[in-house]
Structures are given as structure tokens and as C-alpha cells.
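Structural features, examined
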Amino acid sequence: MKLKKLGDKTYIIDSHNKVGIYLINKTDVAIIDTGLSDSVGKEIMEICNSQNWQIKMILNTHSHPDHIGGNHIIQEQLKVKIYAPKTEKIFIENPELTSIISYGGNPHKYLNNPYLVPKASVVNELSKAILPEGLEYFNLPGHNSEMVGFKTSDDIYFLADAVAGEDIIKKHELQFIYDIQKYFETLDFIKSLDGKLFVPSHGENFIDNKFIVKLNYDNTINIINYIKKICFKKATFETILKNIFETYNLKMDFIQYSFISLTIKGYLTYMLNNDMLKVQFTENEQFWITL
Ligand SMILES: [Zn+2]
């Protein structure tokens, strides 16, 4: 079974990305994120059934499809309430917004994919008042606009996608980031935490938060430096993207193009705002140039 106990009241289901379980009392549980699809939702319900646990609420850290995919089926079958931060709630209730924002316009038919557009669910705004005793939330913006994490009474921190575990960072250097400035601020916040165990959604759990933060930080700085190198002469967005795909061994398809474009736009915004790059329009082409 994929169920793992991490503390007295804290469990995870080790799926493609982790699902958190917090024991509210002997029989009731809160679920943190619901994985990629209906099938993960079913698996969560089966595992909870086998433990005689009743799902009392779902807490979504953010609106990415691989964190909310099981929402719909659990809510349909068990009528549970789902909570998420305000902006993330809007995206979870209107999942087509994720493909609109990734594409940057009216998405074409090839972007109407369950990995990009999960089924909608009804969501309430997350607040301290709705959380069971022993569970706290904290803001982790950057990877997505309004992502949150959760701390359990076992002193275990669920960090969502704010950092990737060491194994993941080594395999996939280019992590999805929406807002680099906020991402750096969130890394500083995570570095300052004092916890027993840290649980990223992707990759191995860790104890040494300072080490993992440094890995994630250095990785991001390397990408900034690489973009500076690409734009040393001057480069269009498509040239930057092509270089990134080739250097980081990525394979371009409709979905990767959308997600990596969104991330690279996040980097370019950060670098333009911090005077690392400038933009030049020449003969109706936009060029990015390193300063
Ligand atoms: Zn995510």
C-alpha cells in the first residue's frame, strides 16, 4: 500500500505527487491535495475506507491539475467541502483558466487535455477558522500565484511545489515557476522554518531545509545566468525557448511549450524588472538583450 505514516496524525499517500492526510480524530481526516486524476481520487477513498477514516474536507495547496485531479470524484461521491486560497479557488472552479493562462490566449483544441484541464469542483475560500485543531496553513507564493502549505501538529510541513526534493531537482532542473521574485521570498521563508520533517509534493521528504532551499535557489540562479548568456547578443522569445529546451533536454509538444513558456516568461519578467535584461523592438520583432 502506498499509505505511509509520518507522525502520530500525519500520513501521506505516495502517488505521482504526494497526497497528505491529517487525522482530525480517530475517524475523521482532512486530505491535502488529490493528485492527478479521478483514479487517484478513487485510490484516496479506498485507502481511507480501509482505515475506517471518513474524509471530512479537502485542502488544496494550489490549482495545478496534478493537485486537484481527484477533487471532483471525491466531492461527487462523499459531498465533502474543498478549501483553497482565493485566487486558486477561482482556477479550481474554472479549470480552463489554467490552459488560458499557459497559452496566453484562447487555447486551441490540443490544449483541451485532462492533464491541463481537470474536472471542476466547488471550492470554499481557505481560512484559519475552517482548519481542524492542530493544522495550520502558511503562504508559499511563487510557484503559483497564491499557493499555500500546511503544518501538522506532528511538526511536519507540507510544502506543495514551493521546493522540489533533491532527486527531482537533479532530474528536472527547470521547475515550473510563475513569479521568480515571490519564489525567492518563499525560499527564504522555508529556510527560516524549524520543523521535524518537510514534505514536498514532488521528490523525497527531507529534514535539512537549508540544504534543499540552497539546491533550489542555486538551480534558479543557474537558469537566470543561462538566459543572460542566450541574450548576450540578442534573442527573440522563441530563440530563448529553443535554447532552454535543448540545454535542459526537454521535448517540445503543445503542453510542454505552454508550461515552459509560462515559466520562461516568469524569468524574463523578473530579469526585466531587476534590470538584468532590456527589450528592443526592431523591424517588428521583440528582442531580449542582456544588460
Ligand atoms: Zn504545481
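These figures come from a predicted structure and were not determined experimentally. (Residues numbered from 1 in each chain as written. Predicted model: local features only at pLDDT ≥ 70, side-chain atom pairs only at ≥ 80, totals over all residues.)

**Focus on the overall build of the protein chain**
Let me state the cut-off plainly: Helix numbering and strand numbering both begin at the N terminus, where a helix is a DSSP run of H or I of at least 4 residues and a strand a DSSP run of E of at least 2. For a compact globule the rule gives 2.2 Å times the number of residues to the power 0.38, and the radius of gyration it is set against comes from C-alpha atoms. Buried, partly exposed and exposed are defined by the number of other C-beta atoms within 10 Å of a residue's own C-beta, namely 20 or more, between the two limits, and 12 or fewer respectively, with C-beta atoms placed from the backbone.
If you tally the helices and strands in the protein chain, you get ten helices and 13 strands. Computed over the C-alpha atoms, the radius of gyration of the protein chain is 20 Å, within 12% of the 19 Å expected from 2.2 N^0.38 for a compact globule of 291 residues. The principal-axis extent of the C-alpha atoms belonging to the protein chain is close to 65 × 40 × 35 Å. Taking all 291 residues of the protein chain together, 42% fall into the buried category.

**Some details on the sheet that holds strand β7 (residues 123-125)**
Definition in use: Each pair of strands is called paired provided DSSP finds at least two bridges between the two strands. Orientation is described by axes fitted as lines to C-alpha atoms, over the contacting stretch for helices, and by angles from 0 to 180 degrees between their N-to-C directions. It is the C-beta atoms, placed from the backbone, that decide contacts: two residues are in contact if theirs lie within 7 Å.
The sheet built from seven strands is open, its strands ordered β1-β2-β3-β4-β5-β6-β7 with mixed pairing. In this open sheet, the two strands that pair with only one neighbour each are β1 (3-5) and β7. The average angle at which neighbouring strand axes cross in this sheet is 30°, direction not considered. Strand direction decides the pairing type here: strand β2 (residues 10-13) and strand β3 (residues 19-23), joined by four bridges, are antiparallel. In the strand pairing of β3, Y11 is matched with I21. The strands that helix α3 (residues 71-78) touches are β5 (54-59) and β6 (81-84); relative to β5, the one it contacts most, it runs at about 140°.

**Overview of the sheet that holds strand β9 (residues 148-151)**
Overall, mixed pairing links the four strands, which are arranged β8-β9-β10-β11 in an open sheet. Since the sheet does not close on itself, it has two edges, and those belong to β8 (136-139) and β11 (197-200), each with one partner. Across this sheet, the average inter-strand angle for adjacent strands is 25°, counted without regard to direction.

**Description of the nonpolar core**
Among soluble globular proteins, nonpolar side chains are generally buried collectively. Let me state the cut-off plainly: Buried Ala, Val, Leu, Ile, Met, Phe, Trp, Tyr and Cys residues form a nonpolar core when they are connected through C-beta atoms within 7 Å. Where each domain starts and ends comes from a domain assignment, either automatic or drawn from a database.
Counting residues in each nonpolar core, the largest one holds 66 residues, and the members touching the most others are I21, V29, A30, I31, I32, L59 and L159. Looking at which element gives the most residues to this core, the answer is strand β10 (residues 156-160), with five residues. When residues are assigned to domains, this core turns out to be shared by domain 1 (3-161) and domain 2 (229-290), each giving three or more. Setting aside anything within four residues of it in sequence, one finds I21 in contact with Y11, I12, I13, V29 and I31.

**What to know about the domain arrangement of the protein chain**
In many reports, interface size means the accessible area that the parts give up when they come together. Assigned domains within the protein chain: domain 1 (3-161) and domain 2 (229-290). Using C-alpha coordinates to define each centre, domain 1 is positioned 32 Å away from domain 2. Of the residues lining the interface, seven residues belong to domain 1; the matching set on domain 2 comes to five residues.

**A word on α3**
Every buried residue of α3 is accounted for by N71, H72, I73, I74 and Q75. Of the surrounding elements, those touching the buried residues of α3 are α1 (38-50), β5, α2 (65-68), β6 and α4 (86-93). Immediately downstream of α3, the backbone of K79 shows phi near 55°, a positive value.

**Some remarks on the packing of helix α7 (residues 180-192) against helix α8 (residues 209-230)**
For the record, the criterion: Put simply, angles under 35 degrees are roughly parallel, angles over 145 are roughly antiparallel, angles from 65 to 115 are roughly perpendicular, and the rest are oblique. By convention, the crossing between two helices is left-handed when the near helix turns anticlockwise from the far helix through less than a right angle, and right-handed when the turn is clockwise. In this classification, the charged set is Asp, Glu, Lys and Arg, the nonpolar set is Ala, Val, Leu, Ile, Met, Phe, Trp, Tyr, Cys and Pro, and all remaining amino acids, among them Gly, are polar.
Remark: α7 packs on α8, axes separated minimally by 9 Å, with the N-to-C direction vectors making an angle of 160°. What the angle tells us is that α7 and α8 run roughly antiparallel. Note that α7 runs across α8; the crossing there is left-handed. Each of I180, L187, I190 and K191 in α7 lies in contact with α8, whose residues at this interface are N209, K210, V213, N216, Y217 and T220. Within the contact of α7 with α8, the residues separate by chemical class into five nonpolar, three polar and two charged.

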